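These are the residues of each chain, in order.
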Amino acid sequence: MKDLDRLKKLLETPQRPFITTHIRPDGDALGCILALHQFFKMKGHQSVAVVPSDYPYYYNWFPGVEQLLNYHKDRKQIIKTLEESTVIFVVDFNSLHRNGELGKILADSTLPRVIIDHHTEPEKIYDYWFSDVKACATGEILYEIFEQLDSSVLQNKDIATCLYAAINTDCGSFKFSSVTGKTHRIAAALIDTGIDIGKINAALYDNFTVDRLKFWGYCLIHKLTILKELKTAYITVTRKEMEENKLKTSDLEMLANYPLIVEDIVLSALIVEREKYVKVSFRSKYNFPTNQLARKYFNGGGHLNASGGEINLPIEETVKLFLDKILEYKEFLQ
Ligand code: 5GP
Ligand code: MN
């Protein structure tokens, strides 16, 4: 955390931080911007926390979520607030295009930018760096920043809940290889604040609507292809299926992980037809570099075992491309 002293210095005078995260925010993204927003309020800074697009409806219990501004709904207010801000916090992403339309505005801003993130290959556009690709979640990095700035804020239950949810969701409930002893020590310290992790875990995971569960069942029965020889599984979902079943995009969140529970499956893909493009989500076990596949062929990126991208092709062509390109990674599929 080489820029910690500079950040400390910056925060010695009251700031108006503009906090934002990536489009379609996940648990890590939401938890971190809300924890940071709460921290600034406690420390006398006047921050604003902005999501560039909707977050999943089943995360509407995160502490402070009602204070978020949404670029799709509060555009004018957000642009005005940005003009009055003194510093931008880029949280859980590292390339402004991941911030959607808002990212274009941030790109033109002359305000200093602080990055707090754990994705690979950050753009070289930040003034304060808290970027660590080894961290299993941005929540882990933010915990350590708070620890250095003022560890007493970590006793705040709203902050502890947000950080615990952030870390938990981004490391597959402490299951991924990116989890370290430190991850568990941080989680333990958060649990020791007295937060109810039974309740938090139920809110994070046992939150399906019946329609969502049934659609997953339909996908597993009718839409799952298993390529045993290639240790690969994939599911395709069309726009028509989404519409007919009245599903939201967030209803598919985590479906990409599901085929990995099949023994010997190493790579899983979820291929979803959207209005203007096809969205792919890749998940893997062990060393299969899904982020390389996503970056090289699907205009995306991410982490070794979880990544995604978008492509402007019909869904059938996208499947063909996927099946063709994974052959380049056969060494990981044996
Ligand atoms: P998901 O498949 O759940 O959308 O995304 C999994 C992970 O892949 C995210 O945490 C993010 O790091 C990365 N990711 C997903 N979509 C994109 C994309 O379009 N571009 C980049 N660079 N990364 C993505
Ligand atoms: Mn993250």
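*Asks:* Could you give an account of the coordination of the manganese ion (ligand 2), with specific residues and numbers?
*Replies:* Bound to the manganese ion (ligand 2) on the protein side are Asp28 (OD), Asp92 (OD), His118 (NE2) and Asp170 (OD), at distances that span 2.1 to 2.4 Å. For the manganese ion (ligand 2), the single-chain donor residues occur in sequence as D-x63-D-x25-H-x51-D. Linking Asp28 in helix H2 (residues 27-42) with His118 in the loop between strand E5 (113-117) and strand E6 (128-131), this pair joins segments that are 90 residues apart in sequence. Judged by relative accessible area, which is 0%, Asp28 ranks as buried. By relative accessible area, which is 2% here, His118 ends up buried.

*Asks:* Account for the pattern of salt bridges, naming residues and giving values.
*Replies:* Applying the stated criterion across every chain yields a total of 17 salt bridges. In this structure, the salt-bridge partner of Glu12 is Lys9, at a minimum N-O distance of 3.6 Å. A salt bridge links Glu243 to Arg239; its shortest N-O distance comes to 3.4 Å. Here Glu243 pairs with Arg239, and both are found in helix H10 (residues 239-244), just 4 residues apart, close to one helical turn. Here the salt bridges do not stand alone but share partners, grouping Lys2, Asp3 and Arg6 into one network.

*Asks:* Would you mind going over the packing of aromatic side chains in detail, with residue names and values included?
*Replies:* Under the counting rule described, the total for this entry stands at 17 aromatic pairs. Ring centres of Tyr164 and Phe174 lie 6.0 Å apart, and the angle between their planes is 40°; on these two criteria the pair is classed as tilted. On the criterion of sequence distance, the pair formed by Tyr164 in helix H6 (residues 157-170) and Phe174 in the loop between H6 and helix H7 (181-191) is long-range, its members being 10 residues apart. There is no split in this pair, since Tyr164 and Phe174 are both buried. Through a chain of ring-to-ring contacts, the aromatic side chains of Tyr57, Tyr58, Tyr59, Trp61 and Phe62 assemble into a single cluster. Geometry around Tyr57 places Lys248 over its ring, the cationic atom sitting 5.2 Å from the centre.

*Asks:* If you had to explain unusual backbone geometry to someone new, which residues and values would you point to?
*Replies:* The backbone of Arg24 sits at a positive phi, close to 45°, despite the residue not being glycine. Residue class for Arg24 comes out partly exposed when judged on its relative accessible area of 28%. You will see that Lys246, though not glycine, has its phi angle at about 50°, which is positive. In this fold, Lys246 is placed in the loop between H10 and strand E9 (267-273). With relative accessibility at 71%, the residue Lys246 sits in the exposed group.

*Asks:* Just give me the short version of the site of ligand 1, but keep the residues and values in it.
*Replies:* In the region of ligand 1, 13 residues are neighbours, and His119, Lys279, Ser281, Arg283 and Ser307 sit closest. Between Arg283 and ligand 1, the recorded distance is 2.8 Å, taken from a side-chain N or O atom to an oxygen atom. One of the backbone N or O atoms of Gly301 is found 3.1 Å from a nitrogen atom in ligand 1. In isolation ligand 1 has 490 Å² of accessible area, and contact with the protein removes 83% of it. Looking at the shell around ligand 1, the elements with two or more residues in it are strand E10 (278-284), strand E11 (301-302) and strand E12 (306-311).

*Asks:* Go over the sheet that holds strand E8 (residues 232-237), please, and point to the residues and values.
*Replies:* The strand order E7-E8-E9-E10-E12-E11 describes an open sheet built from 6 strands, whose pairing is mixed. Each of the sheet's edge strands pairs with one partner strand only, and the pair in question is strand E7 (224-227) and E11. The pairing of E11 with E12 spans 2 bridges and is antiparallel. Following the sheet pairing, Gly301 is matched in E12 by Gly308. Contacts from helix H9 (residues 210-223) reach E7 and E8, with the element oriented near 120° to E8.

*Asks:* Describe helix H12 (residues 315-325), listing the residues and the values that go with them.
*Replies:* In an α-helix, one turn spans 3.6 residues; hence positions three or four apart end up facing the same way. Among all positions of H12, only Ile315, Thr318, Val319, Phe322 and Lys325 are buried. Angularly, the buried residues of H12 cover 140° about the axis, an arc narrow enough to put them on a single face. In H12, those exposed residues whose orientation departs by more than 90 degrees from the buried face are Glu316 and Lys320. Looking at the buried side of H12, the elements it contacts are E8, E9, E10, helix H11 (290-297) and E12.

Procedures and definitions
- Residues numbered from 1 in each chain as written.
- Chains lettered and ligands numbered in written order.
- Predicted model: local features only at pLDDT ≥ 70, side-chain atom pairs only at ≥ 80, totals over all residues.
- Heavy atoms only, no water.
- Donors = N, O, S within 2.8 Å, 3.2 Å for Na, K, Ca; no water.
- Helix = DSSP H or I, 4+ residues; strand = E, 2+ residues; numbered from the N terminus.
- Buried < 20%, exposed > 50% of the residue type's maximum accessible area, 1.4 Å probe, protein only.
- Salt bridge = Lys/Arg side-chain N within 4 Å of Asp/Glu carboxyl O.
- Phe/Tyr/Trp six-rings, centres within 6.5 Å; stacked < 30°, edge-to-face > 60°.
- Lys NZ or Arg CZ within 6 Å of the ring centre and 35° of its normal.
- Near = heavy atom within 4 Å.
- Polar contact = N/O pair within 3.5 Å; in protein donor to acceptor, adjacent residues only side chain to side chain.
- Areas by Shrake-Rupley, 256 points an atom, 1.4 Å probe, with all protein chains shown as cover.
- Pairing = 2+ DSSP bridges.
- Contact = heavy atoms within 4.5 Å.
- Axes fitted to C-alpha atoms, helices over the stretch in contact; angles between N-to-C directions.
- Arc of directions from axis to C-beta.

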